[in-house]
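Secondary and tertiary structure notes
Chain residues, written in single-letter form:
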Amino acid sequence: MSIPRYTAVAVLFHWLIAVAIGSNFVLGLVMTDMAMSPAKLKYYSYHKWAGVTIFLLVLLRILWRLFHRPPELPAHMKTWERALAGVSHLLLYAATLAVPLTGWLFSSAKGFKTVYFGKWPIPDLLDKNPLLADLLKEAHENLAFLMAALVVLHVAAALKHHFIDRDDILARMVPGLRPRTGG
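Residues numbered from 1 in each chain as written. Predicted model: local features only at pLDDT ≥ 70, side-chain atom pairs only at ≥ 80, totals over all residues. Heavy atoms only, no water.

1. Details of the overall build of the protein chain
Summing up its helical and strand segments, the protein chain has four helices and two strands in all. In the protein chain, the succession of α and β elements from N to C terminus is α-α-α-β-β-α. Its C-alpha atoms put the protein chain at 55 × 30 × 25 Å along the principal axes. Residues classed as buried in the protein chain amount to 32% of the 183 residues present. Of the contacts made within the protein chain by residues no fewer than 6 positions apart, 64% connect residues no fewer than 24 positions apart. Accessible surface, the protein chain: about 11,400 Å² in total, of which carbon and sulfur atoms supply 73%. (Helix = DSSP H or I, 4+ residues; strand = E, 2+ residues; numbered from the N terminus. Buried < 20%, exposed > 50% of the residue type's maximum accessible area, 1.4 Å probe, protein only. Contact = heavy atoms within 4.5 Å. Areas by Shrake-Rupley, 256 points an atom, 1.4 Å probe, with all protein chains shown as cover.)

2. A few points about the pattern of salt bridges
Scanning the entire structure with this criterion turns up three salt bridges. One salt bridge connects glutamate 81 with lysine 160, and the closest N-O pair in it is separated by 2.9 Å. Note that glutamate 81 is positioned in helix α3 (residues 79–110) and lysine 160 in helix α4 (residues 130–165), a separation of 79 residues in sequence. Residues joined in a network through salt bridges with shared partners are Glu81, Lys160 and Asp165. (Salt bridge = Lys/Arg side-chain N within 4 Å of Asp/Glu carboxyl O.)

Structure follows, in structure tokens:
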């Protein structure tokens, strides 16, 4: 019997969030290196809109996960591998919430209103405070790089399972990838 797959909704959330985070991370790197210009300000707006969207998608994904358990891990996995998988997933969820939240807090403390898609103002969480804004900017950037490192580890672990362990871990989340084991 093959390892059960994640639900189609969980897979959709996973890949939407993964693409959005990767794209927004690259946008963040590009825009921060740009000279001040109308394009830079536009990119900041796009970055903030993507961050809000990611935050909402992650909240929905967590809500989905509360009511839909993920497939069991393979029996051959060692206890430390299971523990590491659990901790790494928890850290990924925390980072996917913390990065947009610190961005929102930074934007609020900097005095830059977030207007979602240029239409819906999102309330500021803090009053304008330049000193706090500097700290929050640093936290936002550091958490983004931490999340990038967690993503690299996550991908490396999935590839290790697929190419070295030759189990079906990756097939549970990749649409169209057929399980390779019979049990």
